[in-house]
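# Reading the structure
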Amino acid sequence: MFKINDRVKWSSTINKGILSGMASTLEIMKGLKFKNKKAAGFGSYGWSGESPKLMTEALKACGFDVLEEGLGVLWQPDADALENCRKYGVELAQKL
Ligand SMILES: Cc1cc2nc3c(=O)[nH]c(=O)nc-3n(C[C@H](O)[C@H](O)[C@H](O)COP(=O)(O)O)c2cc1C
């Protein structure tokens, strides 16, 4: 965990929150007080779509420099959504 400089985290929205496995990982990372590391979070959703915002807030609370606000993708991504994901990935890569 300490050897990786930058990270991109994913979680779909489940019950207006994030996946429990991701929540526990972020909770552990919060205690580690990272500095000078970059991160971003994204995820798919079905209706309310809280996870990208929650992931972004959690990554900031972990001490990461958040490169982009979280990207949300509705249900199964169509061609436009996949293109947005690619652009998001390129923007992230350019900032690393
Ligand atoms: C048990 C359960 C709870 C969910 N709760 C929410 C929710 O509160 N808000 C929302 O936007 N989507 C919700 N969803 C929809 C998922 O976010 C959506 O299906 C997502 O695309 C799942 O991605 P995955 O199949 O890659 O895990 C829920 C789905 C399930 C199965």
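Not measured: the values here are computed from a predicted model. (Residues numbered from 1 in each chain as written. Predicted model: local features only at pLDDT ≥ 70, side-chain atom pairs only at ≥ 80, totals over all residues.)

Let's shift gears to the site of the ligand. For the ligand, the full set of nearby residues is Ser 12, Thr 13, Ile 14, Asn 15, Lys 16, Ser 44, Tyr 45, Gly 46, Trp 47, Ser 48, Gly 49 and Trp 75. For the shell around the ligand, the elements supplying multiple residues, two or more each, are β2 (13-14) and β4 (38-45). When grouped by side-chain class, the residues that make up the shell around the ligand number four nonpolar, seven polar and one charged. (Near = placed C-beta within 6 Å. Helix = DSSP H or I, 4+ residues; strand = E, 2+ residues; numbered from the N terminus. Nonpolar A, V, L, I, M, F, W, Y, C, P; charged D, E, K, R; others polar.)

Scored by pLDDT, the protein has a mean of 89; 94% of the residues are at 70 or more. When mean pLDDT is compared element by element in the protein, β2 scores highest at 97, while strand β1 (residues 6-10) scores lowest at 80. (pLDDT = per-residue confidence, 0-100.)

Membership of the largest hydrophobic core comes to 14 residues, with the highest contact counts inside it found for Leu 26, Met 55, Ala 58, Leu 59 and Cys 62. Elements that contribute at least two residues to this core include exactly α1 (20-32), β4 and α2 (51-61). Looking at which element gives the most residues to this core, the answer is α2, with four residues. In contact with Cys 62, not counting residues within four places along its chain, are Leu 26, Met 29, Lys 30 and Phe 34. (Core = buried A, V, L, I, M, F, W, Y, C linked by C-beta atoms within 7 Å. Buried ≥ 20, exposed ≤ 12 C-beta atoms within 10 Å, placed from the backbone. Contact = placed C-beta atoms within 7 Å.)

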